[in-house]
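# Geometric and topological summary
Residues per chain are reported as follows:
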Amino acid sequence: MKAVIQNEFGDTNVLTYTETEIPKVGENEVLLKVAYTSVNYADIKQRLGNKGKGQFPLMLGLDVAGTIEEVSPNSSFSKGTRVIAFPKGGSYAEYVVANEQLVFRIPDSLSFEQAAALPTVSILSYILLHEIGQVKKSDTIVIHSAAGGVGSMLVQLAKLAGVQHVVGTVGNLDKEGYVKQLGADTVCTYDTFAEEVLKQTNALGANVIFDSVAGEITSRSLYCLALYGTLFQSGNSSGKAGNFKTSDVHSSCRNIKGFSLGTTRKHHPERLALVAEKVLELFDTNKVSLPIAHIFNLNEASQAHKLIESRSYEGKVLIEI
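Before going into details, it helps to say that this report is about the structure given with it. (Residues numbered from 1 in each chain as written. Predicted model: local features only at pLDDT ≥ 70, side-chain atom pairs only at ≥ 80, totals over all residues. Heavy atoms only, no water.)

A word on the packing of aromatic side chains. All chains considered together, the criterion is met by three aromatic pairs. Look at Phe-9 and Phe-56: their rings are 5.0 Å apart centre to centre, the planes differ by 65°, and that puts the pair in the edge-to-face class. With a gap of 47 residues between them, Phe-9 in the loop between β1 (2-5) and β2 (16-19) and Phe-56 in the loop between α1 (41-48) and β4 (64-71) connect regions that are remote in the sequence. With a relative accessible area of 36%, Phe-56 lands in the partly exposed category. Relative to Phe-104, the ring of Phe-86 has its centre 6.5 Å away and its plane inclined at 80°; by these criteria the two rings are edge-to-face. With Phe-86 in the loop between β5 (82-85) and β6 (95-99) and Phe-104 in strand β7 (residues 103-105), the pair connects residues that are 18 residues apart, well separated along the chain. The pair Phe-86 / Phe-104 is uniform in exposure class, with both members buried. (Phe/Tyr/Trp six-rings, centres within 6.5 Å; stacked < 30°, edge-to-face > 60°. Helix = DSSP H or I, 4+ residues; strand = E, 2+ residues; numbered from the N terminus. Buried < 20%, exposed > 50% of the residue type's maximum accessible area, 1.4 Å probe, protein only.)

Given below as structure tokens:
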């Protein structure tokens, strides 16, 4: 089968389009024929070696949309079923293997393109907003990187839940129209959001802040976080650690919480089935959607990575297999 692998960490030149063996199906696993995989910022970090040591050859990719090709004995799935999945060992390939707990049926009326855009960012966003965040309608919330995949979903889910004041941040105000179209009430740059939030809340601050950027953005977020507010940390796309002091939280009764979808897939995959069902229904009924910024062919994976790194896109970037 065709696949994209890398044998060392580095820039986009390490991504190699090649021929490799179709993976074998183990117990409680399924083999999937991939239609599309999405490109996530985590792929960039892994390619560069910023997510720890890797075993080479290494295949990138977190999620797929495709069709079941082969099942293990006594499987609850059958050949030909359309699904999304979190495969093991990467997703930049014609065929992948996934544990059945991380495979979810998709409605016949939902396109593979839209299905491929949603697994990582939509399931993560739903858990952050409804399970971890427990956001209230009266809250003022800040969503960093609001034009990205997770940000795009958080904005839509927040407005769907009736949150009254949603502030989205972007690196460039060229994306303001897009983020407001998603439902954000206010759009700011990373340089101005803290002051704007304090201004719009009469210096009370935001009740909830979703931070996937970290670095200096974490410090600025704490500057405008309300008493008893919560900062949710779910990534560090800036490549830098976010720093805070214990005095930033105890005297103000504020919270800092972290959540990783990758950790949850590994240690508590059973948590994802119900969430996947809910987000798939939201997409199928057109209550939420994700614009597709660009679709690349598998042999163009390096170009897909360059687009992600440029940050000059809105929505999701896909690879068609």
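Picking up where we left off.
Membership of the largest hydrophobic core comes to 56 residues, with the highest contact counts inside it found for Ile-123, Ile-141 and Phe-210. Core analysis: the second largest hydrophobic core is formed by 35 residues, Leu-32, Leu-60, Phe-77 and Phe-296 among them. (Core = buried A, V, L, I, M, F, W, Y, C linked by side-chain atoms within 4.5 Å.)

Let's shift gears to unusual backbone geometry. Negative phi is the rule for most residues except glycine; trans is the rule for most peptide bonds. Note that the residue after Phe-56, namely Pro-57, is joined by a cis bond; omega there is 0°. Within the secondary structure, Pro-57 sits in the loop between α1 and β4. Phi is positive for Ala-203, close to 70°, though the residue is something other than glycine. Despite not being glycine, Asn-286 has its phi angle at roughly 60°, a positive value. With respect to the element layout, Asn-286 can be found in the loop between α9 (272-284) and β14 (292-297).

Here a disulfide denotes one covalent bond, and it connects the sulfur atoms of two cysteines. Applying the stated rule across the entire model yields zero disulfides. The thiol of Cys-224 is unpaired, and the distance to the nearest cysteine sulfur, on Cys-188, comes to 9.3 Å. Cysteine Cys-253 remains unbridged, with the sulfur of Cys-224 as its closest cysteine sulfur at 18 Å. (Disulfide = S-S within 2.5 Å.)

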